[in-house]
Amino acid sequence: MVRTRFAPSPTGFLHIGGVRTALFNWLFARHHDGHFILRIDDTDEQRNVSETLDPILSGLRWLGLDWDEGPDVGGDYGPYFQSQRRDEHQAAVATLLAGGYAYRDYATPEELQAERQAAQAEGKRFIYSRRWMAETTEQAAGFEAEGRTAVVRLKMPREGVCRFRDLIRGEVEFEWAQEQDHVIQRADGSCLYHLASVADDAAMEISHVIRAEEHLSNTPRQIFIFEGLGHEPPEFAHLPFVAEPGSRNKLSKRKLDKYLKNPDFAKMHQHGVAIADAIGLETAAETFNPVIVDFYEKVGYLPDALVNYLLLLGWALDDRTEFFSRQEMIEYFTLERVNRSPASFDPNKLLAFQEHYMQEMPAEERLLLALPFLEAAALLPSPYVDDASRYVTEMLQAAGDRIKVAGESLDYPELFVDDGAFPYEAKAFDKRLRNAPESVALLRGFRDLLAATEPFEAVTLEEAMRRFVESEGAKIGQIIHALRVAVTGKSVGFGMFEILEILGQERSLARIDRALSLVETTPS
RNA sequence: GGCGCGUUCGUCUAGGGGUCUAGGACGCCGGCCUCUCACGCCGGUAACACGGGUUCGAAUCCCGUACGCGCUACCA
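Residues numbered from 1 in each chain as written. Chains lettered and ligands numbered in written order. Predicted model: local features only at pLDDT ≥ 70, side-chain atom pairs only at ≥ 80, totals over all residues. Heavy atoms only, no water.

Draft legend 1. View of the pattern of salt bridges. What the rule picks out here adds up to 33 salt bridges. Arg61 is the salt-bridge partner of Asp72, the closest N and O atoms lying 2.4 Å from each other. Taken together, the residues Asp72 in the loop between helix H2 (49-63) and helix H3 (86-98) and Arg61 in helix H2 connect sequence positions 11 residues apart. Owing to a relative accessible area of 45%, Arg61 belongs among the partly exposed residues under this scheme. In this structure, Arg221 and Glu179 form a salt bridge, with 3.6 Å as the shortest nitrogen-oxygen distance. Of this pair, Arg221 sits in helix H7 (residues 219-228) while Glu179 sits in the loop between strand E7 (170-175) and strand E8 (183-185), and the two are 42 residues apart along the sequence. Classification of Arg221 by relative accessible area gives buried; the value is 12%. In the salt-bridge network here, residues are joined through shared partners; they are Arg5, Arg39, Asp41, Arg85, Glu88, Asp200 and Asp201. (Salt bridge = Lys/Arg side-chain N within 4 Å of Asp/Glu carboxyl O. Helix = DSSP H or I, 4+ residues; strand = E, 2+ residues; numbered from the N terminus. Buried < 20%, exposed > 50% of the residue type's maximum accessible area, 1.4 Å probe, protein only.)

What follows is the structure, given as structure tokens:
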């Protein structure tokens, strides 16, 4: 049975590169009807684990990457928190020691440092002399009598090569002699990452280790540990990095400042900040950052868009297929088609997927996405609105494809506030009204026509205007822009007649009157 | 420094000796549509890192160079 795992450290956020790794693990497991396991690598005495774990769990859930074993759901191979597996790690160390795959080392840091420097001075690569290695209890007792304490090191082979087949990279070969005698247990008895990770992978019967490329060079020592534990190593697949926008550097959450110099990234961040500000969310780089998954949820991106985008970051089915349902990606995903070179994160392309999935979304679901934003921004309810859902539904319909991210529902506050409360764009007001007497005159005439138009619906309204314009011998452009500014305060927006219908007769007239009187009272 | 991995349009990629005058997508540019803005549609721009081989023939195989990244911790 295929068993894959995603093993994040509880850091308080889910990194976009981590999501891609999780996604590929999830897809591979689902494709093979196997299990996707979530293991929390909370080494050391980490505090507030639940606090730092929560964003990771909720992020994965939001994306729909469900796990078969792990926190909350349990499983037969638990516990799924590394911190609760210390005894197993200790047992693994004992096994390695007993099998001659590891030894106790009594060197002091200073002695080690001296050896290192000596090697360096000679221009040679440092390889520990094993001078303070203790393989028998007698030797150990002798060192301890000198007051020394031990760490446990791997007793790595010093000749031959470690060959393995990486499912993505093919045959890979490392000389054993290049490997250090890595420490696997500290002097205080705690275990290090490689030991814990391998011991857990072995105990959990992980069949395929799919992880980022940074671990490729670590694989020989891990294979060595697997062997020492008497466990067949799993298959390995090393994914290329998710790189910074426009570079080959690994994407990191700590470099937001740098990424903000990338115009596309900056635009995406800025856009998110505007939405967050409108609903009073914090926008500190630590928590609000396009490198962290929460960002997308908070701003109103669709999980399907993010997942589809991430799928194609390092994987492709063929030369043209771009959109995949979950079912399709599960069906078609194979490691053989994963790329070997880093893929840089492109905010624009993500947005393109977002647009696509947003367009596909049924109206009822769009409503459900928009409502929380409008509520959070206190745009709902307004005194004029007795049926908020219906009103927002009409608004969304009029918006069409203009709202690409759910948070952009907040871009049209003028439709939600009192008729006297929205501002006029100064430039637009001057151009279309204050300095356009012909337009104002037309608007006056049309206002009275509007007052008499029944029913007050987009189609009828458009007809009315066309007739009006014709009878006046004018062109539609001479009045419609003035009308838009008068009614919304803006020079751009939805179709004019849809806006009028949404607002209704009374409010439309009130707004026109407000604009007209403003022209009169404050002439240019 | 040593070892490993990588290098096709600005970006994501297709390509696994001839069908490649290198295909698709995003972006960008131009046009159409149009009450504005979006959407949509049409068209255009743009790449095999470099140098040697192998071969009748190389983006595809081999070697070297350059560049990038990773590992080389009592970090993960």
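Draft legend 2. Region of the structure containing the nonpolar core. By size, the foremost hydrophobic cluster in this structure holds 124 residues, and its most contacted members are Tyr296 and Leu433. Ranked by residue count, the leading element in this core is helix H20 (residues 496-521), at 11 residues. The next biggest cluster of nonpolar side chains, apart from the first, holds 28 residues, and it includes Tyr80, Val172, Cys191 and Val209. (Core = buried A, V, L, I, M, F, W, Y, C linked by side-chain atoms within 4.5 Å.)

Draft legend 3. Here's a closer look at the protein's contact with RNA strand B. In the vicinity of RNA strand B lie 63 residues, with Arg169, Arg186, Gly314, Asp401 and Arg402 positioned nearest. Close to the protein, within 4 Å, the atoms of RNA strand B belong to sugar or phosphate groups at a rate of 78%. Arg116 places a polar side-chain atom, nitrogen or oxygen, 3.0 Å from a phosphate oxygen of RNA strand B. One nitrogen or oxygen atom from the side chain of Glu322 is found 3.0 Å from a sugar or linking oxygen belonging to RNA strand B. (Near = heavy atom within 4 Å. Polar contact = N/O pair within 3.5 Å; in protein donor to acceptor, adjacent residues only side chain to side chain.)

Draft legend 4. Layout of helix H11 (residues 303-311). Taking burial as the measure, the nine residues of H11 include eight buried ones, the bulk of the element. Pro303, Ala305, Leu306, Val307, Asn308, Tyr309, Leu310 and Leu311 are the residues of H11 that are buried. Tucked inside the fold, the buried residues of H11 contact helix H1 (16-31), H2, helix H10 (294-299), helix H12 (326-332), strand E12 (343-344) and helix H13 (347-360). (Contact = heavy atoms within 4.5 Å.)

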